[in-house]
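Read off the chains here:
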Amino acid sequence: MFSWGARSGEKSAPAQPAALIVESLSASRALPKFISALAVLPAPTLLDLGPVVGTNVSFFGERLSCKMVIEDLYEDIDAAARRGTTEGLAETLTGRITSAASGPIDGVLCWDIFDYLDRPTARALALSLRGALRPKGVLHGFFGTTSADLKHRTKFIVQSETSVKCRCEPGQTIHRTPLQSGEIARLFEGMNVVESVLLQSKTRESLFRLPG
Amino acid sequence: MNIGKSVVIKGELSGSEDLTIEGQVEGKIELRQNLLTIGPNAKIKAQVFAKTVVVEGQVHGNISAGERIDIRDKGVVEGNLAAPRVAIADGAHFRGSIDMQGGGAAKSDSAATDAKPSAVPAPAHVGSVPTAVAR
């Protein structure tokens, strides 16, 4: 099973059956820069594509005095997986971004959403997110680098500016064909790569910024 | 005061005492100085204004609170939240925006302007006495 491997010195929960929740702690290199980019703004708007995490709302609310928009796209992806087809998924996801982003967005937390999408859907979503961002807006994401059948969804629980707890919960099985770093860059063409680091968990953490 | 789970209210509900809702409400709820608890059985399709709002059931509509919004672990909210403090428990379902920059109920007029239209049916009855149908 795909999992967020802990770095040396990081705490990790003992191995458990796949049906149970598994947690691990991962260091983040890009999150501090994501927060710094938004902290200079008086009242930024943050778009979170994952399931709501109450402590993240508190964390970003306290750090950034931001407005948060929660648009859980994993629900739609799971629904498509249950149907056994990705037909119409791109339209659903981009429609959600359009309706969620009633005004310009300063920052996007993608988490690992792109691991669950095929190439055309990933391109459509990336284009939609880029279009929703304000100039100098930032986008943060994790990208798996290994081919795998993903049988879980990960909740990312921010512990501090430099650490994220990853909680794996059972979900529909979706095959991940990893995006190469060049593909990730092309996905967000027109945005500058602020940070791109390969974590010990074989996951790439990336931060992009739209030019001013 | 409690509104039981067999009660359906369509219209505007307002008051000046703490209230627990277990039934269904469609329209608008205003308890600007009081605690509103939306119980586990409650299904609300309304704009909500209160001092403090605790959600254990389902809400489709915007919630604005002067002090705090607390969505408990079985709570389901689809709408926008505005309050100085917002707590969302693990396991809760939420989709919408969260604005903690200003007061909630104090800004209720502007919040109402931003409300999702589908959540706000025309009031069936204006005033503190709601239209209630027991099933």
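For every chain, the first residue of the written sequence is number 1, and numbering continues from 1 along that sequence. Numbering of ligands from 1 and lettering of chains from A proceed in the order in which they are written. Local features are withheld for residues below a pLDDT of 70 in this predicted model, meaning they are given only at 70 or higher, and side-chain atom pairs are given and counted only at 80 or more; totals for whole chains, interfaces and linings count all residues. Side-chain metrics rest on all non-hydrogen atoms present in the structure, leaving aside hydrogens and water.

Undergrad: What's the story with the interface of chain B and chain A in this structure? I'm lost.
TA: Interface extent is often summarised as the accessible area lost during association of the parts. With 14 residues of chain B in contact, the opposing surface of chain A contributes 21 residues. Carbon and sulfur atoms supply 47% of the area buried between chain B and chain A, which totals about 1,300 Å² over both sides. Three residues stand out in chain B for area buried against chain A, namely Arg95, Ile98 and Gln101 of chain B, and they jointly supply 43% of the buried area on that side. Every case where a carboxyl oxygen of Asp or Glu lies within 4 Å of a side-chain nitrogen of Lys or Arg is listed as a salt bridge. Linking chain B with chain A are four salt bridges. Salt-bridge contacts for Asp90 of chain B lead to Arg167 of chain A; the nearest nitrogen and oxygen are separated by 2.4 Å. Identification of polar contacts relies on pairs of N or O atoms within 3.5 Å, with a donor-acceptor requirement for protein atoms, meaning one able to donate a hydrogen and the other able to accept it, and with residues adjacent in sequence counted only if both atoms are side-chain atoms. Here chain B is connected to chain A by seven residue pairs in polar contact (both at pLDDT 80 or more). Of all elements in the fold, only β10 (85-88) and β11 (93-99) of chain B reach the threshold of two or more residues within the side of chain B that touches chain A. Helix and strand definitions follow DSSP, with helices as H or I runs of at least four residues and strands as E runs of at least two, each counted in order from the N terminus. Of the residues forming the side of chain B that touches chain A, the biggest block, seven residues, is contributed by β11 of chain B. Gly counts as polar in this scheme, as do all residues outside two lists: the nonpolar Ala, Val, Leu, Ile, Met, Phe, Trp, Tyr, Cys and Pro, and the charged Asp, Glu, Lys and Arg. Residues belonging to the side of chain B that touches chain A are distributed by class as follows: six nonpolar, five polar and three charged. Strand pairing is assigned whenever DSSP detects at least two bridges linking the two strands. Relative to β11 of chain B, strand β3 (residues 67-70) of chain A is paired through four bridges, and the arrangement is antiparallel. Should any heavy atoms of two residues lie within 4.5 Å, those residues are counted as being in contact. In this description, buried area is defined as the sum, over both parts, of the accessible area (probe of 1.4 Å) that is lost when the two are combined.

Undergrad: What exactly am I supposed to notice about the layout of surface pockets here?
TA: One way to see where empty space is left: roll a probe the size of a water molecule over the atoms. A 1.4 Å probe that fits into a set of points on a 1 Å grid over the protein atoms alone but cannot get out defines a cavity; an open set with protein on both sides within 12 Å along at least five of seven lines defines a pocket, and lining residues are those with an atom within 4 Å of a point. Grid points are joined across faces, edges and corners, and a volume is the space filled by probe spheres set on the points. One number sums up the size of the second largest pocket: a volume of about 310 Å³. In this structure, the second largest pocket is lined by 15 residues; those nearest its centre are Pro51, Asp72, Glu75, Lys155 and Glu169 of chain A. Looking at the lining of the second largest pocket, the elements with two or more residues in it are α3 (73-83), β6 (148-160) and β7 (163-176) of chain A together with β11 of chain B. Its residues placed into classes, the lining of the second largest pocket shows six nonpolar, three polar and six charged.

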